[in-house]
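The chain contents come next:
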Amino acid sequence: MVENDLEGTNMVSQKVTIKNPTGLHLRPAGILCKEAMKFKSRVTFRYRENTANAKSVLSVLGACIKSGDEIDLICEGEDEADALGYLVKAIENGLGE
């Protein structure tokens, strides 16, 4: 999904369900951050009312994402479409677990 943010710039987002049995604990959170840092785009996700920086392990852990939770992954920047596709696939594949 492509949408405009408050400043009028484009961004892409997609809802994805966390399949890891223990949610985004330290190991999968670290993998998510490492993979997100490969891209120049800003990568965040929304869960309930909170927004977390997917490039920060502490931010990801602080979101307290459990198995079965649905997050809205948001990528904004020059490689946003590539980042979104890659990260959604990584999450759907269990982030190495």
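Residues numbered from 1 in each chain as written. Predicted model: local features only at pLDDT ≥ 70, side-chain atom pairs only at ≥ 80, totals over all residues. Heavy atoms only, no water.

### So, the overall build of the chain
Then, number 1: A count of helical and extended segments in the chain gives 3 helices and 5 strands.
Then, number 2: Start at the N end of the chain and walk to the C end: the helices and strands fall as β-β-α-β-β-α-β-α.
Then, number 3: In summary, the chain has a C-alpha radius of gyration of 12 Å against a globular reference of 13 Å for 97 residues, a match within 12%.
Then, number 4: Counting only C-alpha atoms and orienting by the principal axes, one finds that the chain spans roughly 35 × 25 × 20 Å.
Then, number 5: Taking all 97 residues of the chain together, 44% fall into the buried category.
Then, number 6: Pairs at least 24 apart in sequence give 65% of the contacts found in the chain among residues at least 6 apart. (Helix = DSSP H or I, 4+ residues; strand = E, 2+ residues; numbered from the N terminus. Rg over C-alpha atoms; globule rule 2.2 N^0.38 Å. Buried < 20%, exposed > 50% of the residue type's maximum accessible area, 1.4 Å probe, protein only. Contact = heavy atoms within 4.5 Å.)

### Some thoughts on the nonpolar core
Then, number 1: Ranked by internal contacts, the top residues of the largest apolar core, which has 27 residues, are Leu32, Phe45, Ile65, Ile71, Leu73 and Ile91.
Then, number 2: For this core, the secondary structure elements donating two or more residues are strand 2 (10-17), helix 1 (26-36), strand 3 (42-47), strand 5 (70-76) and helix 3 (80-92).
Then, number 3: The element contributing the most residues to this core is helix 3, with 6 residues. (Core = buried A, V, L, I, M, F, W, Y, C linked by side-chain atoms within 4.5 Å.)

### What about unusual backbone geometry?
Then, number 1: Even without a glycine there, the phi angle at cysteine 64 is positive, about 55°.
Then, number 2: As for its position among the elements, cysteine 64 is in the loop between helix 2 (57-62) and strand 5.

### Some details on the pairing of strand 3
Then, number 1: Direction of pairing for strand 3 relative to strand 5: antiparallel, over a ladder of 5 bridges. If you follow valine 43 over to strand 5, its bridge partner there is cysteine 75.
Then, number 2: Bridge count for strand 3 against strand 4 (residues 50-53) is 4 bridges, and the pairing is antiparallel. By the bridge assignment for strand 4, tyrosine 47 is matched with asparagine 50.
Then, number 3: Where strand 3 folds back on strand 4, the antiparallel hairpin that results is connected by 2 residues, among which arginine 48 adopts a positive phi of roughly 55°. (Pairing = 2+ DSSP bridges.)

### A word on the environment of asparagine 10
Then, number 1: Structurally, asparagine 10 can be placed in strand 2.
Then, number 2: For asparagine 10, a relative accessible area of 44% corresponds to the partly exposed category.

### A closer look at the packing of helix 1 against helix 3
Then, number 1: Axis separation between helix 1 and helix 3 bottoms out at 10 Å; the angle between their running directions is 160°. Classed by the angle they form, the pair helix 1 and helix 3 counts as roughly antiparallel. As for how helix 1 packs across helix 3, the hand of that crossing is right-handed. Contacts between helix 1 and helix 3 involve Leu32, Glu35 and Ala36 on the former and, on the latter, Tyr86, Leu87 and Ile91.
Then, number 2: The residue makeup of the contact of helix 1 with helix 3, split by class, is 5 nonpolar, no polar and 1 charged. (Axes fitted to C-alpha atoms, helices over the stretch in contact; angles between N-to-C directions. Parallel < 35°, antiparallel > 145°, perpendicular 65-115°, else oblique. Left-handed = near helix turned anticlockwise from the far one by under 90°. Nonpolar A, V, L, I, M, F, W, Y, C, P; charged D, E, K, R; others polar.)

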